[in-house]
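Here's the letter readout for the chains.
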Amino acid sequence: MMKKLILMASLLAFGTIACKDQSGGDFEVKGTFKSKDSATVLLYELPMDGRSPVQLDSVVATNGEFTLKGTSKEEGLFQLNFGDGPGIMLVNDRTQLNVEIDDSNKKDFYTVSGSPASESLRNFILDYTTRQEELRSIYVNADSLISAEASDSLINTAVSARDKALSDFNAFVTSFIKEEKSPTVTIFAIGMAMRSVEISQLKEIFANAVKKFPDHKGMAQVKATFDQQVAAYEQRMKAAEDKWVGKQAPAFSLPDLSGKEVSIQDFKGKYVLVDFWASWCGPCRQENPNVVEAYHKFKDKNFTILGVSLDADKEKWAEAVFADKLEWTHISDLKYWDSKAVEVFGISGIPYNILVDPDGKIIAENLRGPGLGEKLSEVLK
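Going along each chain's sequence as written, the residues are numbered from 1 onward. With the structure being a predicted model, the display of local features is reserved for residues of pLDDT at least 70 and the display and counting of side-chain atom pairs for 80 or more, all residues being used for whole-chain, interface and lining totals. Neither water nor hydrogens contribute to the side-chain values; these are computed over all heavy atoms in the structure.

**Comments concerning the sheet that holds strand β14 (residues 352-356)**
- Here the rule is simple: two strands pair whenever DSSP picks up at least two bridges between them. Helix numbers and strand numbers start at the N terminus; a helix is a DSSP run of H or I with at least 4 residues, a strand a run of E with at least 2. Across the sheet, which stays open at both edges, the 5 strands sit in the order β13-β12-β11-β14-β15 with mixed pairing between neighbours. Strands at the two margins of the open sheet, each flanked by one partner only, are β13 (329-331) and β15 (362-365). On average, adjacent strands in this sheet sit at an angle of 20 degrees to one another, irrespective of strand direction.
- The pairing of β14 with β15 spans 3 bridges and is classified as antiparallel. Looking at the pairing, isoleucine 354 lines up with glutamate 365 of β15. Axes here refer to lines fitted to C-alpha atoms; in helices the fit is confined to the stretch in contact. Angles between the N-to-C directions go from 0 to 180 degrees.

Given below as structure tokens:
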């Protein structure tokens with residue numbers, strides 16, 4: 001999956017002074033500490049364009065109370081820091097933000113009032129963190145069963161639960177983004193969505209967010225950066241697709257699980273999908289069910305698969321082959337990214353594959369998801 005923005009935060013609020021909506025300008029952060037009388041408190045702006053945080057104000061709390069002042073051109077994201085405590089995220093959607101902090105409570109150590117956007121952000125972070133911990137536990141359970149070579153029924157049940165949990169987790173994040181009223185909190189939540197949501201869905205999410213907040217410059221900046229990154233990624237993928245197509249498959253051989261040397265040329269006369277993967281590669285393992293489905297659908301039509309692993313641990317490689325039901329020939333020199341396969345094929349990332357025709361000519365690359373079945377249906381009529 002893609003690199004993601006990670007921001008941790010919390011906040012506590014108090015006060016009854018009426019506050020005005022704002023899209024920018026001056027604002028105040030008033031706060032109290034429940035657990036200390038004195039602490040240096042700093043207020044930072046977190047620029048939407050990825051620049052380093054900018055310190056706006058600092059003060060020493062007196063009798064546990066403090067007031068910080070800031071200003072901005074529009075609604076944005078700010079962070080409150082104090083001593084060794086965790087950072088607290090704030091949104092300047094009002095002219096006065098009130099916080100109350102009790103850092104003796106490590107998990108839920110703050111409340112916030114006077115700022116609907118800051119409250120929404122706080123609640124999202126707490127909910128996201130809880131759900132993420134639950135999801136991680138489900139993934140660990142599935143991985144443990146696979147490593148322990150549990151029964152197929154137990155593994156299949158755990159994998160199904162894992163996939164459903166991820167789907168539910170992404171549904172929670174995307175639903176929150178759809179309903180959120182603050183452009184700043186929306187940007188934050190989209191950043192978190194980048195950790196698990198597919199690019200195609202992120203494109204749609206961004207498009208809707210820009211329509212929803214057309215005047216927010218920070219949203220436009222983040223969207224432009226996202227578009228640039230996606231364009232660069234898709235260009236790299238397109239270049240990779242064009243790298244080998246039309247060329248003869250190079251002479252290449254590695255040992256199989258029994259130690260026997262196996263070559264691509266051994267499969268001449270068949271269509272062979274040379275599939276580069278590894279047991280430690282999450283996206284590879286997620287793609288494996290699709291590869292298994294293609295294998296069973298086309299194996300009687302002069303088609304097979306040659307798995308090339310970038311593993312370094314033979315036992316884990318073999319366990320993954322068994323757990324994922326990869327019933328074709330597998331080879332590896334167990335040298336991780338120093339593998340001969342990386343050098344010969346110029347691999348920069350996995351999963352990756354090439355489709356070789358019966359004459360040894362490469363006719364397709366990077367066949368993933370539905371694209372694999374579609375291409376095989378096209379050539380194996």
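**Here we look at the sheet that holds strand β5 (residues 77-82)**
- Taken in spatial order, the 4 strands make up an open sheet running β3-β2-β5-β6, and their pairing is antiparallel. Either end of the sheet is taken by a strand with one partner, and the two such strands are β3 (54-60) and β6 (88-91). Put simply, the sheet's adjacent strands are angled 25 degrees from each other on average, direction ignored.
- Inspection of the sheet shows β5 paired to β6 by 4 bridges, in the antiparallel sense. The partner of leucine 80 across the bridge, within β6, is isoleucine 88.

**Describing the packing of helix α3 (residues 183-193) against helix α4 (residues 199-212)**
- Where α3 meets α4, the axes come as close as 11 Å, and the angle between the chain directions of the two elements is 175 degrees. Put simply, α3 runs roughly antiparallel to α4. For the pair formed by α3 and α4, the contact residues are Thr186, Ile190 and Ala193 on the first element and Leu202, Ile205, Phe206 and Ala209 on the second.
- Looking at the contact of α3 with α4 residue by residue, the classes come out as 6 nonpolar, 1 polar and no charged. The scheme is simple: roughly parallel for angles under 35 degrees, roughly antiparallel for over 145, roughly perpendicular for 65 to 115, oblique for anything else. Here a residue-residue contact requires only that any non-hydrogen atoms of the pair lie within 4.5 Å. We call Asp, Glu, Lys and Arg charged. Ala, Val, Leu, Ile, Met, Phe, Trp, Tyr, Cys and Pro are nonpolar, and the rest, Gly among them, are polar.

**Re the packing of helix α2 (residues 152-179) against α3**
- Packing of α2 against α3 brings their axes to within 9 Å, and their N-to-C directions diverge by 160 degrees. By the angle class used here, α2 and α3 are roughly antiparallel. Relative to α3, the crossing made by α2 is left-handed. Taken together, the residues of α3 that come into contact with α2 (itself represented by Val173, Phe176 and Ile177) are Val185, Thr186, Ala189, Ile190 and Ala193.
- Across the contact of α2 with α3, the residue classes break down as 7 nonpolar, 1 polar and no charged. The sense of a crossing depends on the near helix, which, turned anticlockwise from the far helix by less than a right angle, makes the crossing left-handed and, turned clockwise, makes it right-handed.

**Looking at unusual backbone geometry**
- The omega torsion of the bond from isoleucine 350 to proline 351 falls at 5 degrees, within 30 degrees of zero and hence cis.
- Take proline 351: it is sitting in the loop between α8 (340-345) and β14.
- At asparagine 63, a residue that is not glycine, the phi angle is positive and equals roughly 55 degrees.
- For asparagine 63, the location among the structural elements is in the loop between β3 and β4 (65-72).
- Each residue's exposure class comes from its accessible area (1.4 Å probe, protein chains only) as a fraction of the maximum for that residue type: buried when under 20%, exposed when over 50%, partly exposed otherwise. Asparagine 63 sits in the exposed class, given a relative accessible area of 66%.
- Here the phi dihedral of asparagine 302 falls at roughly 60 degrees; this positive angle occurs in a residue that is not glycine.

**Brief notes about the packing of aromatic side chains**
- Between 30 and 60 degrees the pair is tilted, below 30 it is stacked and above 60 it is edge-to-face, where a pair is any two Phe, Tyr or Trp rings, Trp via its six-membered ring, whose centres lie within 6.5 Å. Evaluation of the coordinates by the stated rule reveals 19 aromatic pairs.
- Aromatic pair phenylalanine 109 and tyrosine 110: ring centres 5.3 Å apart, planes at 65 degrees, arrangement edge-to-face. The same class applies to phenylalanine 109 as to tyrosine 110, namely buried.
- In this arrangement the basic side chain of arginine 162 is found over the ring face of tyrosine 139, its NZ or CZ atom lying 5.5 Å from the centre. Counting as a charge over the ring demands two things of the Lys NZ or Arg CZ atom: a distance within 6 Å of the ring centre and an angle within 35 degrees of the ring normal.

**Here's the deal with the side chain of serine 118**
- Its place among the elements puts serine 118 in helix α1 (residues 116-147).
- You can call serine 118 buried: its relative accessible area is 1%.
- Dropping the residues within four chain positions of it, serine 118 is found in contact with Leu90, Val91, Asp93, Leu97 and Val112.

**A word on the pattern of salt bridges**
- Here, a salt bridge means any side-chain nitrogen of Lys or Arg that lies within 4 Å of a carboxyl oxygen of Asp or Glu. Under the definition given, this model contains 9 salt bridges.
- Across the pair lysine 34 and glutamate 100 runs a salt bridge, and its minimum N-O distance is 3.1 Å. Of this pair, lysine 34 sits in the loop between β1 (25-33) and β2 (40-46) while glutamate 100 sits in strand β7 (residues 96-101), and the two are 66 residues apart along the sequence.
- Residue aspartate 127 pairs with arginine 131 through a salt bridge whose shortest N-O separation is 3.1 Å. Residue aspartate 127 and its partner arginine 131 are both found in helix α1; the two are separated by 4 residues, about one turn of the helix.
- Overall, the relative accessible area of 33% leaves arginine 131 in the partly exposed class.

**A word on the confidence of the model for the chain**
- For every residue, the predictor assigns a confidence score, pLDDT, that lies between 0 and 100. Per-residue pLDDT for the chain averages 87, and the proportion of residues at 70 or more is 92%.
- This model gives residues 1-20 a pLDDT under 50, and the stretch forms 76 contacts once residues within four places in sequence are excluded.

**A short note on the nonpolar core**
- Of all hydrophobic cores here, the largest spans 47 residues; its most connected members are Phe276, Phe303 and Val308.
- Elements represented by at least two residues in this core include exactly β11 (271-277), α6 (282-298), β12 (303-309), α7 (314-323), α8, β14, β15 and α9 (370-379).
- Excluding residues that lie within four positions of it along the chain, valine 308 makes contacts with Phe252, Leu254, Val274, Asp275, Phe276, Trp277, Ile331 and Ala341.
- Here the nonpolar core consists of buried residues drawn from Ala, Val, Leu, Ile, Met, Phe, Trp, Tyr and Cys, with membership extended through side-chain atoms lying within 4.5 Å. Counting 36 residues, the second-largest nonpolar core is a separate cluster that includes Tyr128, Leu135, Phe169 and Ile177.

**Considering the state of the cysteines**
- Here, the term disulfide refers to a pair of cysteine sulfur atoms separated by no more than 2.5 Å. For the coordinates displayed, the defined rule picks out 1 disulfide.
- Note on cysteine connectivity: cysteine 281 is disulfide-linked to cysteine 284, with sulfurs 2.3 Å apart. Every disulfide takes its handedness from the sign of the S-S torsion; for cysteine 281 and cysteine 284 that torsion is 75 degrees, giving right-handed.
- Its relative accessible area of 4% is what places cysteine 281 among the buried residues.
- For cysteine 284, a relative accessible area of 1% puts it in the buried group.

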